Amino acid sequence: MHRGVDAPRTPAVGGSAAAEQAPAKPPDTGAHLQQRFDALIADDERIEPRDWMPTGYRKTLIRQIAQHAHSEIIGMQPEGNWITRAPSLRRKAILIAKVQDEAGHGLYLYSAAETLGVDREDLLDLLHEGKQKYSSIFNYPTLSWADMGAIGWLVDGAAIMNQVPLCRCSYGPYGRAMVRVCKEESFHQRQGFDILHTLSHGTPAQQAMAQDAVDRFWWPSLMMFGPPDERSAHTAQSTAWGIKRLGNDELRQRFVDICVPQARALDITLPDPDLRWNENRGHYDFGAVDWAELTRVIKGDGPCNEQRIQRRRSAHEEGAWVREAADAYARKHHNSSAAEALA
Ligand code: FAQ
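Residues numbered from 1 in each chain as written. Predicted model: local features only at pLDDT ≥ 70, side-chain atom pairs only at ≥ 80, totals over all residues. Heavy atoms only, no water.

Draft legend 1. The arrangement of the overall build of the protein in detail. If you tally the helices and strands in the protein, you get 14 helices and two strands. Taking the principal axes of its C-alpha atoms as reference, the protein extends roughly 80 × 60 × 35 Å. Taking all 343 residues of the protein together, 45% fall into the buried category. In the protein, once contacts between residues fewer than 6 apart in sequence are set aside, the share between residues at least 24 apart is 77%. (Helix = DSSP H or I, 4+ residues; strand = E, 2+ residues; numbered from the N terminus. Buried < 20%, exposed > 50% of the residue type's maximum accessible area, 1.4 Å probe, protein only. Contact = heavy atoms within 4.5 Å.)

Draft legend 2. View of the packing of helix α7 (residues 146-166) against helix α8 (residues 172-200). Packing of α7 against α8 leaves a shortest axis separation of 7 Å and a crossing angle of 150°. Between α7 and α8, the interaxial angle falls into the category roughly antiparallel. Here α7 runs over α8; the crossing is left-handed. Broken down by class, the residue content of the contact of α7 with α8 amounts to 16 nonpolar, ten polar and two charged. (Axes fitted to C-alpha atoms, helices over the stretch in contact; angles between N-to-C directions. Parallel < 35°, antiparallel > 145°, perpendicular 65-115°, else oblique. Left-handed = near helix turned anticlockwise from the far one by under 90°. Nonpolar A, V, L, I, M, F, W, Y, C, P; charged D, E, K, R; others polar.)

Draft legend 3. Geometry of the site of the ligand. In the vicinity of the ligand, 35 residues are found, and the nearest of them are Gln-67, Lys-133, His-234, Lys-244 and Asn-248. Between the ligand and the protein, one listed contact pairs an oxygen atom with a side-chain N or O atom of Lys-244 at 2.6 Å. The fraction of the free accessible surface of the ligand (1,100 Å²) that becomes covered by protein chains is 92%. When atoms are counted within 2 Å of each cavity's grid points, the one that captures over half of the ligand is the largest pocket. Listing elements by their share of the shell around the ligand, those giving two or more residues are α3 (55-74), α5 (89-114), α7 and α8. Of the residues belonging to the shell around the ligand, the class tally is twelve nonpolar, 14 polar and nine charged. (Near = heavy atom within 4 Å. Polar contact = N/O pair within 3.5 Å; in protein donor to acceptor, adjacent residues only side chain to side chain. Areas by Shrake-Rupley, 256 points an atom, 1.4 Å probe, with all protein chains shown as cover. 1 Å grid on protein atoms, 1.4 Å probe; cavity = no way out; pocket = protein on both sides within 12 Å on 5 of 7 lines; lining within 4 Å. Sits in = over half its atoms within 2 Å of the grid points.)

Draft legend 4. Seen up close, the side chain of Glu-185. Here Glu-185 shows up in helix α8. We note that Glu-185 is buried and unpaired, the nearest opposite charge coming from Lys-98 at a distance of 5.5 Å. Setting aside anything within four residues of it in sequence, one finds Glu-185 in contact with Glu-72, Glu-102, His-105, Asp-156, Ala-159, Ile-160 and Gln-163. (Lys, Arg positive; Asp, Glu negative; His and termini not counted. Salt bridge = Lys/Arg side-chain N within 4 Å of Asp/Glu carboxyl O.)

Draft legend 5. Spatial organisation of the nonpolar core. In terms of nonpolar packing, the biggest core is built from 79 residues, with Tyr-57 and Tyr-171 touching the most fellow members. Of the residues forming this core, the biggest block, ten residues, is contributed by α7. Discounting residues that sit within four places of it in the chain, Tyr-57 has contacts with Phe-37, Ile-41, Ile-47, Ser-170, Tyr-171, Trp-241 and Ile-243. (Core = buried A, V, L, I, M, F, W, Y, C linked by side-chain atoms within 4.5 Å.)

Draft legend 6. Spotlight on the pattern of salt bridges. Evaluation of the coordinates by the stated rule reveals 15 salt bridges. Between Lys-98 and Glu-102 there is a salt bridge whose closest N-O contact spans 2.9 Å. Of this pair, Lys-98 and Glu-102 both sit in helix α5, four residues apart, roughly one helical turn. What makes Glu-102 buried here is its relative accessible area of 4%. Of the charged contacts in the structure, one is a salt bridge between Arg-180 and Glu-184, with a shortest N-O distance of 3.5 Å. A residue pair is termed a helical-turn pair when its members lie 3 or 4 positions apart in one helix, as Arg-180 and Glu-184 do in helix α8 at four residues. On the basis of relative accessibility, which here comes to 17%, the residue Glu-184 falls in the buried class. When salt bridges with common partners are traced through the structure, they connect Glu-79, Lys-98, Glu-102 and Asp-156 into a single cluster.

None of the figures reported here should be taken as evidence of function without further support.
Here it is in structure tokens:
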């Protein structure tokens with residue numbers, strides 16, 4: 001059972017008479033703190049911001065949450081590209097709302113990262129300097145309207161598959177942020193399916209457009225889950241800490257198993273000749289993922305890496321006045337509240 005957010009373990013300053021008479025607690029030595037942390041993890045309890053945590057746990061969370069936040073805001077670019085060209089007012093309104101949701105997800109995630117003692121400005125600097133990553137999937141171009149469907153169906157679909165287990169992440173603020181994010185991603189996934197369904201039941205040119213989008217996004221979507229477990233640097237430790245609940249391979253397999261019948265409903269063929277049901281495993285077998293491609297894209301050599309980072313940097317610079325205005329407003333508000341309190 002997870003504790004609620006309002007149940008701090010940090011001892012209160014001061015203390016009641018009863019507390020003063022209580023037997024002396026063992027000192028908070030390193031070993032004692034580690035034991036308490038290990039016990040919370042073993043009991044599937046949550047770690048909260050003021051709890052002691054090992055440096056590696058904190059660092060892993062900062063890395064993963066920051067990468068996740070960066071993915072959300074960079075992920076606004078491929079779809080933002082189609083807002084002005086959406087085929088109807090309804091589709092345009094939906095797409096604007098979706099892109100706005102991604103910005104919101106970025107904000108929850110930067111806030112969750114800040115509870116670990118980092119500053120979002122510093123995280124953004126690391127992104128802009130290429131020192132922190134974002135998801136490989138957003139380095140692929142969006143060439144047609146059908147790509148909005150493929151991103152919703154496959155990319156949001158993969159994101160949900162990965163993020164639902166993260167709702168049970170051992171770190172409280174990350175797990176709680178994921179609950180809301182997953183609800184919104186689920187709507188995003190359905191709107192993508194709806195776009196593809198409309199196109200794949202439309203004219204031959206629309207059907208071809210839908211198939212082409214899925215052909216281009218299928219394999220990169222499978223790469224979103226990360227390298228195979230045997231080559232994954234962090235999976236074993238992150239799973240032991242309850243940060244990740246499932247390995248990269250298991251999530252990828254679950255995603256394939258869910259997509260096959262959905263592709264059938266869409267009348268779309270998944271671009272993998274090796275895809276077939278395996279009675280013994282109770283799962284679909286699928287072809288070899290090109291891991292060299294994932295490595296290249298992560299290292300900066302994908303089709304759009306340069307463009308994405310360039311655009312992000314200029315958006316940050318162009319938005320400087322908004323941050324300054326927000327700061328000035330907050331200062332003014334703070335000063336007038338302080339003056340009122342003194343009056
Ligand atoms: N792309 O040892 P592992 C979305 C890196 S949100 C880039 O397996 P880990 C919403 C990894 O960081 C999509 N880098 O690592 C949306 C590590 O590098 P490092 C983002 C990747 O952390 C939809 C190294 O490779 N979601 O789509 C990738 O245990 C539509 C070794 O890998 C999240 O971030 C990759 N695909 O597992 C928005 C979810 N895969 O730091 C707009 C949270 C691996 O050692 C439109 N994150 N790397 O230098 C996670 O679940 C995990 O971080 C994984 C990777 C599963 C991504």
